Amino acid sequence: MKAAVMHTRGADLVVEDLDLESPRAGEVAVRLVATGVCHSDLNGLRGSRELRLPLVLGHEGAGVVESVGAGVTGIAAGDHVILSAIGRCGRCEACVDGRPWMCSVAGANIFSGTLPDGTTRLSLRGAPVYHWFSQSSFAERAVVPEGAVVPIRRDVALEKVALLACGVSTGLGAVFNAAHVALGESVVVIGCGGVGVSAIVGADLAHAYPIVAVDIADEKLEYARSLGATHVVNASREDPIARVREITGGGPDHAFECVGNARTLEQLVEIVRPGRHGYVVGAAPPGTRFPFATDGFIRNKHLHGVMQGNVRATVDIPRYVELYARGRLPLDRMVTRTYPLDEINAALGALERGIGRGVVVFG
Ligand SMILES: [Zn+2]
Ligand SMILES: [Zn+2]
């Protein structure tokens, strides 16, 4: 099968023929129809995190089940599925406690290079090739743990709903699962990339008001406005803290940081209304410090870390798919570019500029 292989950090991915083993017990083989291209993939390629190479990136897959391994129930060949970025094992403390996004088994294997049993199903001319998020969806097929597989209705376009595997669910989950935004509460979203605009869409669905988008690129702000932002602030031209306080009458009820850098984290704490809530949604590079003055924070501000939108994949993703099918979730406008796998490097490069999200569609 064709897959885009990362041989060297920072270098272009190479599309070549890999071998993929059959699924073992508790695993599922999926023919990918589409996969989102997420910022985490770019961070994997260009960032500083230690990874075992060669490796296949990709963690926003959607496709059709080909076969299932021993012991897999509730998933069958022919099912249309979304591959959640965080699979749940169903047995660890977090899973049993109702926090599957914190699954310790899945968490331990995001960057381990293997599936949960410590081995890889991928190889190139007999040599091992490693996984990413226990998924590796920049490939025509994938073998993944059953806990990552979310069956969905068959009548929706997989190249649209692929974004629900990670980015869009992270933004929606931040609004509904982490913040429980209520009717008429005020929301600020700092950073209007894929996750940020998804939080704006969520705030719009929640009937928040105002919904303020903050970014440094006018085209991203206009895009955010088209998806539900009621006000936009260009932080390269005006002081975002003063302007947001003005728009919201003293700061928002909920502020979401969807960038992941020290400067916007500091803005997050400053911008929240005293007594209200800030959420760290963006994934900052490993080791990033959180700098803020405590004098405003001590006025009962609350700061929350949000992991993958606190999404319960098997519960929330089918609901989001249903909303999309009924015209309530604008995924058609959130997928702004599609690419064949051969253009994966262009798709990754486009994450740095442009609006909306790119999706690889397999021919
Ligand atoms: Zn678990
Ligand atoms: Zn992602």
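Just above, that's the structure.
Chemist: So what exactly am I meant to see when it comes to the pattern of salt bridges here?
Modeler: One side chain can pair with another of opposite charge once the charged atoms of both are near each other. In total, this model carries 21 salt bridges according to the counting rule given. D97 is paired through a salt bridge with R99; the nearest N and O atoms lie 2.8 Å apart. In this structure, R276 and D253 form a salt bridge, with 3.0 Å as the shortest nitrogen-oxygen distance. On the criterion of sequence distance, the pair formed by R276 in the loop between α9 (262-271) and β15 (277-280) and D253 in the loop between α8 (240-248) and β14 (254-257) is long-range, its members being 23 residues apart.

Chemist: Can you help me understand the nonpolar core in this one?
Modeler: The tendency in soluble globular proteins is for nonpolar side chains to be buried as a group. Grouped together as the largest cluster of nonpolar side chains are 56 residues, with contacts concentrated most on L13, L18, V56, F138, I344 and L348. If you list the elements that add at least two residues to this core, you get β1 (2-5), β4 (27-36), α1 (39-46), β6 (80-83), α2 (93-96), β7 (122-124), β9 (141-145) and α13 (344-349). With four residues, β4 is the largest single contributor of residues to this core. Look past the residues within four positions of V56 in its chain and what remains in contact with it is A3, A4, V5, L18, L122, V129, Y130, H131, W132, S136, F138 and A139.

Chemist: Please explain the coordination of the zinc ion (ligand 1) as it appears in this structure.
Modeler: Put simply, a metal with four donors set out as a tetrahedron has ideal angles of 109.5 degrees, and one with six donors set out as an octahedron has ideal angles of 90 or 180 degrees. Protein-derived coordination of the zinc ion (ligand 1) comes from C89 (SG), C92 (SG), C95 (SG) and C103 (SG), at a distance range of 2.4 Å. The coordination sphere of the zinc ion (ligand 1) comprises four donor atoms, whose angles at the metal cover 104 to 118°; the geometry is tetrahedral. Of note, the zinc ion (ligand 1) draws all its donor residues from one chain, in the sequence arrangement C-x2-C-x2-C-x7-C. C95 carries the same exposure label as C92, and that label is buried.

Chemist: Just to check I follow, could you spell out the packing of aromatic side chains for this structure?
Modeler: The tally for this structure, following the rule as stated, stands at six aromatic pairs. Measuring from centroid to centroid gives 4.8 Å for F256 and Y279, while their planes differ by 15°, and the two rings are stacked. Taken together, the residues F256 in strand β14 and Y279 in strand β15 connect sequence positions 23 residues apart. Through successive ring pairs, a cluster of aromatic residues spans F111, W132 and F133.

Chemist: Please explain the coordination of the zinc ion (ligand 2) as it appears in this structure.
Modeler: For the zinc ion (ligand 2), the protein coordination sphere consists of C38 (SG), H59 (NE2) and C166 (SG), at 2.1 to 2.3 Å. Site description for the zinc ion (ligand 2): donor spacing in sequence, C-x20-H-x106-C. Residue C38 is located in the loop between β4 and α1, and its partner H59 is located in the loop between α1 and β5 (61-68); the two are separated by 21 residues in the primary sequence. Under the relative-accessibility criterion, H59 is labelled buried at 0%.

Chemist: Please clarify how the environment of A25 should be interpreted in this entry.
Modeler: Relative to the assigned elements, A25 resides in the loop between β3 (19-20) and β4. Given the relative accessible area of 59%, A25 is considered exposed. For the pair A25 and V149, spaced 124 residues apart in sequence, the C-alpha separation works out to 14 Å.

Chemist: Can you walk me through the packing of helix α5 (residues 167-178) against helix α6 (residues 194-205) in this structure?
Modeler: Any two packed helices are characterised by the angle at which their axes cross and by the distance between the axes. Two elements in contact, α5 and α6, have axes whose closest approach is 7 Å; the angle formed by their N-to-C orientations is 45°. By the criterion of interaxial angle, the relationship of α5 to α6 is oblique. Note that α5 runs across α6; the crossing there is right-handed. Residues G167, V168, T170, G171, L172, V175 and F176 of α5 touch α6, and the partners they reach there are V195, S198, A199, V201, G202, A203 and L205. Among the residues forming the contact of α5 with α6, the class breakdown is nine nonpolar, five polar and no charged.

Definitions and cut-offs
Residues numbered from 1 in each chain as written. Chains lettered and ligands numbered in written order. Predicted model: local features only at pLDDT ≥ 70, side-chain atom pairs only at ≥ 80, totals over all residues. Heavy atoms only, no water. Salt bridge = Lys/Arg side-chain N within 4 Å of Asp/Glu carboxyl O. Helix = DSSP H or I, 4+ residues; strand = E, 2+ residues; numbered from the N terminus. Core = buried A, V, L, I, M, F, W, Y, C linked by side-chain atoms within 4.5 Å. Buried < 20%, exposed > 50% of the residue type's maximum accessible area, 1.4 Å probe, protein only. Contact = heavy atoms within 4.5 Å. Donors = N, O, S within 2.8 Å, 3.2 Å for Na, K, Ca; no water. Tetrahedral: all angles 85-135°; square planar, octahedral: opposite > 155°, others 65-115°. Phe/Tyr/Trp six-rings, centres within 6.5 Å; stacked < 30°, edge-to-face > 60°. Axes fitted to C-alpha atoms, helices over the stretch in contact; angles between N-to-C directions. Parallel < 35°, antiparallel > 145°, perpendicular 65-115°, else oblique. Left-handed = near helix turned anticlockwise from the far one by under 90°. Nonpolar A, V, L, I, M, F, W, Y, C, P; charged D, E, K, R; others polar.

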